[in-house]
Amino acid sequence: MSASRRSGTTDELGPQEPERDGADLLAALLDGMDAALCAFDADGVVTHWNREAERILGWTAAEAVGRRGFADWAVRSADAGEVEGRLLSAMRAPGRQVHEFALLTKEGGRVLVRTQSAAVPGPGGKPAGVYCAFSEVHAQIDLERSIALSEALFDDASWGVVLVDADLRPAVVNAHAARALGTGRTAVLGRPLGELLAQGVEELESALTHVLAEGAPPAPAEMWVAVRTAEGEQRRCWRSGFLRLASPLTEEPVPLGVGWLFQDVTESKQAEREAALLRFRSNQLHRAARAAAECEDPGEAASVHLEFALAGFADHALIDRVAGAARPDGEGPPRFVRAAATPSGAPGPGLPGYRAGLPVRYTQGHPALQCAERIGSVRASAGSAHSERTREWALARQWPADSVHALCAVLRSRGRTLGVVTFLRGASRARFERADAMYAEDVAVRIATALDLAETLERPG
């Protein structure tokens with residue numbers, strides 16, 4: 001019998017064996033269990049030892065059964081007394097006792113195990129011995145860590161975790177992901193991703209499908225999405241990682257879905273974009289200064305600054321110069337003549353026109369006049385009006401018909417207003433922001449310097 005010691009007279013853990021078949025059945029049951037099992041009689045002698053115990057420590061039942069305790073074979077001599085005391089203490093304590101200690105394998109290695117031991121009652125209720133189930137601690141710890149990690153990810157993680165099934169629908173969502181999606185943890189389950197995201201759904205579903213078919217990508221991906229919320233659509237950038245989930249209980253991997261982990265990096269990406277934009281604009285100003293320095297005509301230099309400023313910033317630009325000599329502040333609204341303009345139909349260089357002296361008659365309240373009166377930048381926009389109304393809005397202000405957003409910056413030099421530079425954007429671009437106004441003012445300073453020089457050179461004498 002591989003799992004226990006046989007006796008022709010008595011068994012310390014039970015009455016005299018009446019039949020061999022019953023003992024064989026017990027041995028088969030013990031050997032078929034996944035847990036390592038052993039038993040001791042009241043004197044601490046090993047009476048049972050199953051195959052899982054043999055697998056973990058290497059000692060066979062024939063080698064283990066009949067030994068007293070673990071001393072000198074399954075535990076170090078220095079630890080034998082403490083280990084035996086812990087195990088046999090179960091006979092004097094109610095319920096199960098849990099301990100952890102190191103055992104020795106047959107090859108001399110050490111294995112940290114966790115034991116659960118309890119008393120085996122004998123005749124009259126007196127303990128007849130102890131049974132002990134044990135397992136390698138690292139296996140138990142791995143299981144506990146896996147459970148703890150799963151619970152932490154779905155309760156306390158500071159990034160979103162979504163388990164998506166094979167139909168690309170959320171099956172489990174953690175608290176952070178639910179907040180990011182603007183809904184509750186249960187409300188999102190089973191819903192198509194298109195009901196949660198207004199933009200970015202195709203890219204996300206394509207990534208999930210790829211992971212199901214090919215496995216996880218080698219690096220995280222940054223995706224811009226628009227989340228549907230009660231307050232409207234919110235555009236966010238999520239740095240996303242994906243893991244293909246397969247059942248560990250089958251020989252062939254059966255896909256269970258995809259683990260989608262994401263972190264909101266919108267603010268950092270916007271900061272990166274703004275920093276890149278500032279570097280580009282600073283480089284444009286530097287290039288414009290170098291190109292303008294090669295111009296013999298100051299008016300041409302002003303047009304050069306205008307052309308460099310347009311790149312990535314606006315679609316059209318105009319320079320309106322104060323008619324005649326620049327007047328001091330506070331002497332009424334100025335009269336403007338067109339000094340330069342970029343073509344509105346197709347890209348091309350700015351065309352200087354200040355020598356023609358053609359007046360530009362702006363009506364009261366025009367953004368260019370407001371800019372000159374306030375001595376500061378002015379932003380204007382047609383908003384989301386219908387295209388025909390937008391065309392009328394632009395033509396009424398004497399701007400190209402496709403203009404939707406405008407930004408006017410005053411041209412100042414030596415305490416005088418020399419004119420106004422106007423930047424125009426079409427419907428495909430966003431409206432001008434405060435940062436755009438600061439850039440336009442930098443460009444205006446350089447244009448004003450060139451115009452002031454041109455005015456000085458035009459004076460007789």
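Up top is the structure these notes are about.
Just so it is clear, the model here is predicted, and its values are computed rather than measured.

## Structural notes on the sheet that holds strand S5 (residues 127-136)
The sheet built from 5 strands is open, its strands ordered S2-S1-S5-S4-S3 with antiparallel pairing. The open sheet has two edge strands, strand S2 (46-49) and strand S3 (97-104), and neither has a second partner. Strand-to-strand twist across the sheet, computed as the mean angle between neighbouring axes with direction ignored, equals 30°. Relative to strand S4 (residues 110-121), S3 is paired through 8 bridges, and the arrangement is antiparallel.

## Thoughts on the nonpolar core
Note that soluble globular proteins tend to have their nonpolar side chains buried in a common cluster. If you look at the biggest cluster of nonpolar residues, it comprises 33 residues, and the most contacted ones within it are Phe313, Ile319, Leu411, Val421, Phe423 and Ile447. Only helix H8 (266-292), helix H9 (298-310), strand S12 (316-322), strand S13 (336-341), strand S17 (405-413), strand S18 (416-425) and helix H12 (434-458) provide two or more residues apiece to this core. A per-element tally of this core places H12 first, with 9 residues.

## Here we look at the pattern of salt bridges
Using the criterion set out here, one finds 17 salt bridges in the structure. One salt bridge connects Arg191 with Glu195, and the closest N-O pair in it is separated by 3.1 Å. With its nearest N and O atoms 2.9 Å apart, the salt bridge here joins Arg414 to Asp452. Highlighted residues: Arg414 in the loop between S17 and S18 and Asp452 in helix H12, separated in sequence by 38 residues. Among the charged side chains, a salt-bridge network with shared partners connects Glu222, Arg239, Lys269 and Glu272.

## A look at the sheet that holds strand S9 (residues 221-229)
Strand order in the open sheet formed by 6 strands is S7-S6-S11-S10-S9-S8, with antiparallel pairing between adjacent strands. The open sheet has two edge strands with one neighbour each: strand S7 (170-173) and strand S8 (197-199). Each adjacent strand pair in this sheet contributes to an overall mean axis angle of 40°, direction not counted. The strands touched by helix H7 (residues 201-214) are strand S6 (160-164), S8, S9, strand S10 (232-246) and strand S11 (255-264); relative to S10, the strand with the most contacts, the crossing angle is about 5°. Each of S9, S10 and S11 is contacted by H8, which is oriented at about 115° to S9, the strand it contacts most.

## Describing the pairing of S5
Burial analysis of S5 places 7 of its 10 residues in the buried class, which makes it a mostly covered element. In the sheet, strand S1 (residues 36-41) pairs with S5 via 6 bridges, with the strands oriented antiparallel. Residue pairing across strands places Ala36 opposite Phe134, the latter belonging to S5. Where S4 lies against S5, 9 bridges are found, and the strand directions are antiparallel. In the strand pairing of S5, Arg114 is matched with Ser135. Linking two consecutive strands that pair antiparallel, namely S4 and S5, is a turn of 5 residues; a positive phi of about 75° is found at Gly124 within it.

## A word on H9
Given a rise of 1.5 Å per residue, 13 residues ought to cover 18 Å, and the 19 Å separating the end C-alpha atoms of H9 matches this to within 8%. Within H9, 11 of the 13 residues are buried, leaving the element largely enclosed by the surrounding structure. What H9 keeps buried is the set Pro298, Gly299, Ala301, Ala302, Ser303, Val304, His305, Leu306, Phe308, Ala309 and Leu310. Of the residues one or two after H9, Gly312 is the one with positive phi, at around 70°.

About the criteria used
- Residue numbers restart at each chain and count upward from 1, following the sequence in its written direction.
- Note on the predicted model: pLDDT of at least 70 is required for a residue's local features to be given, and 80 or more for side-chain atom pairs to be given and counted; whole-chain, interface and lining totals, by contrast, use all residues.
- Side-chain calculation: all heavy atoms of the structure are included, whereas hydrogens and water are not.
- Here, any two strands with at least 2 DSSP bridges between them count as paired.
- Numbered from the N terminus, helices here are DSSP runs of H or I no shorter than four residues, and strands are runs of E no shorter than two.
- Orientation is described by lines fitted to C-alpha atoms, with helices fitted over the stretch in contact, and by angles between N-to-C directions that extend from 0 to 180 degrees.
- Take the buried residues of types Ala, Val, Leu, Ile, Met, Phe, Trp, Tyr and Cys, join any two whose side-chain atoms come within 4.5 Å, and each joined set is a nonpolar core.
- Throughout, exposure labels follow a simple rule: accessible area from a 1.4 Å probe, protein chains only, divided by the maximum for the residue type, with under 20% read as buried, over 50% as exposed, and the rest as partly exposed.
- Any carboxyl oxygen of Asp or Glu within 4 Å of a side-chain nitrogen of Lys or Arg constitutes a salt bridge here.
- Two residues form a contact once any of their heavy atoms are found within 4.5 Å.
- Expected span, for any helix, means 1.5 Å times one less than how many residues it has.

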